[in-house]
Amino acid sequence: ETGVTQTPRHLVMGMTNKKSLKCEQHLGHNAMYWYKQSAKKPLELMFVYNFKEQTENNSVPSRFSPECPNSSHLFLHLHTLQPEDSALYLCASSQNHDRANTGELFFGEGSRLTVL
Amino acid sequence: KNEVEQSPQNLTAQEGEFITINCSYSVGISALHWLQQHPGGGIVSLFMLSSGKKKHGRLIATINIQEKHSSLHITASHPRDSAVYICAVRLRNAGNMLTFGGGTRLMVKP
């Protein structure tokens, strides 16, 4: 138990569906992240929220839309995805001393997404 | 070429063996992370270091900033250590972005 909870753990969706991934952290951290892990590729950063503000968008297609309503919750809204978007989506949080200094990362268990 | 290279990519060991996993990077960094990912997918942060050496239980992480190299050692390995070990670096002036290595898949046999 890392203090970061992701739901759902598994999701299968069609290309025309709209779904959302949810992440909640119980650690009092001030930064949250979405990472994508595709088969046989290194982890890729997608989005970073510092103090509820989006500070990084790593050239992610607009069919992925993040939302951070407060410092404990992070969503990833999914719309008209492609089969190549099938991957493990990992949420993480950290306590950053400032926007440039990342503290230790705490990861959730991941949401495994399959797009048909 | 990835900015972060790990070796070996795959490693099989017998229970009790001393294990070393290496990470080399090609650019200036401000911190390096070692992460452990179990088959279910969840990732646990093992170490974050910017100099010297850290120890936690049977795990030891070292970093040599001049040589741009870090090692993760596991003493008295156990089957429950079987996982993918990932090295990640935070590049200088890159804010919160981490660059990840491809991982080392470790299997420890009883």
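Residues numbered from 1 in each chain as written. Chains lettered and ligands numbered in written order. Predicted model: local features only at pLDDT ≥ 70, side-chain atom pairs only at ≥ 80, totals over all residues. Heavy atoms only, no water.

Asker: Describe the interface of chain B and chain A, with residues and values.
Answerer: Counting from both sides, the interface comprises 20 residues of chain B and, opposite them, 26 residues of chain A. Here chain B and chain A share zero salt bridges between them. For the pair chain B and chain A, the number of links is two residue pairs in polar contact (both at pLDDT 80 or more). Those elements that provide at least two residues to the side of chain B that touches chain A are β4 (29–37), β5 (43–49), β9 (83–91) and β10 (98–100) of chain B. (Contact = heavy atoms within 4.5 Å. Salt bridge = Lys/Arg side-chain N within 4 Å of Asp/Glu carboxyl O. Polar contact = N/O pair within 3.5 Å; in protein donor to acceptor, adjacent residues only side chain to side chain. Helix = DSSP H or I, 4+ residues; strand = E, 2+ residues; numbered from the N terminus.)

Asker: Any details on the state of the cysteines? Residues and values, ideally.
Answerer: Residue and element names in this part refer to chain B. Counted according to the given criterion, the structure contains two disulfides over all chains. Here C23 connects covalently by a disulfide to C87, the sulfurs 2.0 Å from one another. Here C23 and C87 share a disulfide; its torsion about the S-S bond, -65 degrees, makes the bridge left-handed. Residue C23 is found in strand β3 (residues 19–25), and its partner C87 is found in strand β9; the two are separated by 64 residues along the sequence. (Disulfide = S-S within 2.5 Å.)

Asker: Account for the pattern of salt bridges, with residues named and values stated.
Answerer: Under the definition given, this model contains four salt bridges over all chains. The partner of A:E109 in a salt bridge is A:R9, and the shortest N-O contact between them spans 4.0 Å. One end of the pair, A:E109, is in the loop between β10 (106–107) and β11 (111–115); the other, A:R9, is in the loop between β1 (4–7) and β2 (10–13), with 100 residues separating them in the sequence. A salt bridge links B:R58 to B:D81, with the nearest nitrogen and oxygen atoms 2.9 Å apart.

Asker: Explain the environment of B:N22 residue by residue, including any values.
Answerer: Residues and elements named next belong to chain B. Its place among the elements puts N22 in strand β3. When the C-alpha atoms of N22 and R105 are compared, they prove to be 12 Å apart, with 83 residues separating the residues in sequence. If we ignore the near neighbours within four places in the chain, the residues touching N22 are E5, Q6, S7, W34, H69, S70 and S71.

Asker: Would you mind going over unusual backbone geometry in detail, with residue names and values included?
Answerer: Residue A:P8 follows A:T7 across a cis peptide bond; omega there is -10 degrees. With respect to the secondary-structure elements, A:P8 resides in the loop between β1 and β2. A cis amide bond, omega -10 degrees, links B:S7 with the succeeding residue B:P8. Tracing the backbone through its elements, the reader meets B:P8 in the loop between β1 (4–7) and β2 (10–14). With a phi close to 55 degrees, B:K68 is a non-glycine residue in the positive phi region. By secondary structure assignment, the location of B:K68 is in the loop between β7 (59–64) and β8 (69–74). With relative accessibility at 31%, the residue B:K68 sits in the partly exposed group. Positive phi outside glycine occurs at B:A76, with the angle close to 45 degrees. (Buried < 20%, exposed > 50% of the residue type's maximum accessible area, 1.4 Å probe, protein only.)

Take it as geometry only, folks, not as evidence of what the structure does.
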